[in-house]
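Given next are the chains, with one letter for each unit.
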Amino acid sequence: MLGNIKIQNIDKSFDDVKVLNDFTLDIEPGTFVSLIGPSGCGKSTLLRIIGGLEQSTSGDVFLDGEKVTKAGSDRGFAFQGSNLFPWLNVRENVAFGLKARKIYREKKNDVSDIINLVGLKGFENSYPHQISGGMQQRASLARALVGHPKVLLLDEPLGALDAFTRMNLQDEILRIKNENDMTMLMVTHDVDEAIYMSDRVVVMSARPSRLEAVIDIDLPRPRVRVQDAYTFYRNKILDCLNLGGKLHEAEYNI
C-alpha cells in the first residue's frame, strides 16, 4: 500500500478572500503528518481539497501519481464531530459506505474486524446516543477505515474530547496506523499532540496561508508524553507561529 501525496502550487479563494497561497508540500507514504497554524488559515480547507471534498482555485493534488479530482475510497475522512447517523447503530454506521458502494456483501467481515480494531466489540448494536463521545469518535474512525484507504485524513478528530479520552485515542490512532501502514494527515491546534503523534509537523502561516516550515520530529517511538526534548520542538513550532514570546518591532511610527 502506498499513499504518497503531492500538493503542487495550490491556491484557494472563497469569493474575494484568498485562503491558500501557492501551497506546495510532499507527504511520503506511511508517514504521520500534522498541520498546525492559526485559526482560519486554511488547514481544514487543504485537508478537504486532498480528500476531494473541495476544489482548489488553481494548482493540483496527486495521490500516488493520480490527480485528485473528487472524493474516493482511497482516502478516509474523520471529522471533529463524529457525524454518525443517529438512526443507525454502530455496525450500520460503519457499514454505510460499503453499502453505498454496493460492496457490503463481499466486505461484510471487514465491518466486524474494524469494529474490533477500534475497541467497540460488544457495542455493535448501540446507537450514537447510547455511547460516550469517545466511543462515537471510535465509530467514526471505524467508518473511515473500513474501506482500507491509503490515506486517513483527520480534521481535529479529538478536539471535543476530555483530556484522558483524547490521550487514549491518540494512542489508538497510532496503533491503527502501525497495524495498517497507512499515511495519516491530521489538522490540530494542539502543539503537544502534534509532537507526540507526528513524524513531521507542517506549520502554516496566517491567511492567505503558505508553507511556513516543515519540522521533522526526531524522537523514538513509542514516545513518552513528558520529556525534555518536547521543549525544543515546542519552542521551534511556536517560534514559527510567532508565539514564542518574542517582541517584534512595530510596523508603524507615531
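For the structure itself, look to the data block above.
Since the structure is predicted, the reported quantities are computational estimates derived from the model, not experimental observations. (Residues numbered from 1 in each chain as written. Predicted model: local features only at pLDDT ≥ 70, side-chain atom pairs only at ≥ 80, totals over all residues. Heavy atoms only, no water.)

Judged by pairing direction, the sheet is antiparallel, and its four strands sit side by side in the order 2-1-4-5 without closing on themselves. In the strand order of this sheet, the two ends are held by strand 2 (17-27) and strand 5 (66-67), each with one partner. Pairing of strand 4 (residues 58-63) with strand 5, which is carried by two bridges, proceeds in the antiparallel orientation. Counterpart to leucine 63 in the pairing with strand 5 is glutamate 66. Against the sheet, helix 1 (residues 43-51) makes contact with strand 1 (5-14), strand 2 and strand 4, and its axis sits at roughly 120 degrees relative to strand 1, the strand it touches most. (Pairing = 2+ DSSP bridges. Helix = DSSP H or I, 4+ residues; strand = E, 2+ residues; numbered from the N terminus. Contact = heavy atoms within 4.5 Å. Axes fitted to C-alpha atoms, helices over the stretch in contact; angles between N-to-C directions.)

In this structure, the amide linkage connecting arginine 207 to the following residue, proline 208, adopts the cis form with an omega of -5 degrees. Relative to the elements of secondary structure, proline 208 occurs in the loop between strand 9 (200-204) and strand 10 (211-216). Residue proline 222 is bonded to the preceding arginine 221 through a cis peptide linkage, with omega at -5 degrees. Summarising the element assignment, proline 222 is placed in the loop between strand 10 and helix 7 (228-240). If you check the backbone angles, lysine 102 has positive phi at about 60 degrees while not being a glycine. Tracing the backbone shows lysine 102 in the loop between helix 2 (90-100) and helix 3 (104-117). According to the relative accessible area criterion, lysine 102 is exposed, its value standing at 72%. Located in the positive-phi region is glutamate 156, a residue other than glycine, with phi close to 45 degrees. (Buried < 20%, exposed > 50% of the residue type's maximum accessible area, 1.4 Å probe, protein only.)

Turning to the environment of alanine 144, a few remarks are in order. Topologically, alanine 144 is positioned in helix 4 (residues 133-145). Here the alpha-carbon distance between alanine 144 and arginine 223, two residues 79 residues apart in the chain, equals 25 Å. Apart from residues no more than four positions distant in its own chain, alanine 144 is found in contact with Gly76, Phe77, Ala78, Pro149 and Leu152.

Now for the pattern of salt bridges. Pairing is possible between side chains that carry opposite charge, provided their charged atoms lie close to one another. With the rule as written, the count across this model stands at 17 salt bridges. Residues aspartate 190 and arginine 166 are paired through a salt bridge, measuring 3.9 Å at the closest nitrogen-oxygen approach. Separated by 24 residues along the polypeptide, aspartate 190 in the loop between strand 8 (183-187) and helix 6 (191-197) and arginine 166 in helix 5 (residues 163-180) bring together distant segments of the chain. Here arginine 166 falls in the buried class, since its relative accessible area comes to 15%. Salt bridges sharing partners connect three or more residues here, namely Arg138, Glu172, Arg175 and Glu179. (Salt bridge = Lys/Arg side-chain N within 4 Å of Asp/Glu carboxyl O.)

To continue, consider the nonpolar core. Counting residues in each nonpolar core, the largest one holds 50 residues, and the members touching the most others are Leu154 and Ile237. Ranked by residues supplied to this core, first place goes to helix 4 with six residues. Those residues within four positions of leucine 154 in sequence are excluded, and the remaining contacts are Phe32, Leu47, Ala78, Leu141, Ile173, Met184, Leu185, Met186 and Val187. Among the nonpolar cores identified, the runner-up in size contains 25 residues, and Val19, Ile49, Ile50 and Val202 belong to it. (Core = buried A, V, L, I, M, F, W, Y, C linked by side-chain atoms within 4.5 Å.)

Another aspect to go through is the packing of helix 2 against helix 3. Contact geometry for helix 2 and helix 3: axes closest at 10 Å, N-to-C directions at 140 degrees. Classified by the interaxial angle, the pair formed by helix 2 and helix 3 is oblique. The hand of the helix 2/helix 3 crossing is right-handed. Taking contact as the criterion, the partners of Val90, Arg91, Val94, Ala95, Leu98 and Lys99 in helix 2 are, on helix 3, Tyr104, Lys107, Val111, Ser112 and Ile115. (Parallel < 35°, antiparallel > 145°, perpendicular 65-115°, else oblique. Left-handed = near helix turned anticlockwise from the far one by under 90°.)

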